[in-house]
Amino acid sequence: VVIGVDTGLVHLAAALRVPVIALYTATDPGLTGVLGTGFCRNLGGKGQPPAVADVLPVVDQALR
């Protein structure tokens, strides 16, 4: 599972079908979010970083 902010790493992981959780704090995931045929989740948004309590359940989903 790759967990990261909006960088090339998360987009590359999505392209390689590695489970990805992308965290957004300063950009809009609707414009730059990760897409792929595997497990891809975009959390947070511009000025709205995701809370740890929001990320952990998604990590559990990705590990299943």
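Scope of this entry: the structure provided in the associated data block. From a predicted model like this one, the values you see are computed outputs, not experimental measurements. (Residues numbered from 1 in each chain as written. Predicted model: local features only at pLDDT ≥ 70, side-chain atom pairs only at ≥ 80, totals over all residues. Heavy atoms only, no water.)

Along the protein, the regular secondary structure elements total 3 helices and 3 strands. Secondary structure elements of the protein, listed N to C terminal, follow the sequence β-α-β-α-β-α. For 64 residues, the compact-globule formula gives about 11 Å, and the C-alpha radius of gyration of the protein, at 11 Å, lands near that figure. Principal-axis analysis of the C-alpha atoms places the extent of the protein at approximately 30 × 25 × 15 Å. Within the protein, the proportion of its 64 residues that are buried is 31%. Looking at the protein alone, contacts between residues at least 24 apart form 17% of all its contacts between residues at least 6 apart. Carbon and sulfur atoms form 61% of the exposed surface of the protein, whose accessible area is close to 4000 Å². Here the protein holds 4 positive side-chain charges and 4 negative ones, and the gap between their average locations is 8 Å. (Helix = DSSP H or I, 4+ residues; strand = E, 2+ residues; numbered from the N terminus. Rg over C-alpha atoms; globule rule 2.2 N^0.38 Å. Buried < 20%, exposed > 50% of the residue type's maximum accessible area, 1.4 Å probe, protein only. Contact = heavy atoms within 4.5 Å. Areas by Shrake-Rupley, 256 points an atom, 1.4 Å probe, with all protein chains shown as cover. Lys, Arg positive; Asp, Glu negative; His and termini not counted. Charge placed at Lys NZ, Arg CZ, Asp CG, Glu CD.)

Helix length check: helix 3 (residues 52-63) (12 residues) gives 16 Å between terminal C-alpha atoms against 16 Å at 1.5 Å per residue, within 8%. Of all the residues in helix 3, the buried ones are V55, V58, V59 and A62. Angular distribution of buried residues about the axis of helix 3 spans 110 degrees; they occupy a single face of the element. Residues of helix 3 that are buried sit in contact with strand 1 (2-5), strand 2 (20-24) and strand 3 (40-44). (Expected span 1.5 Å × (residues − 1). Arc of directions from axis to C-beta.)

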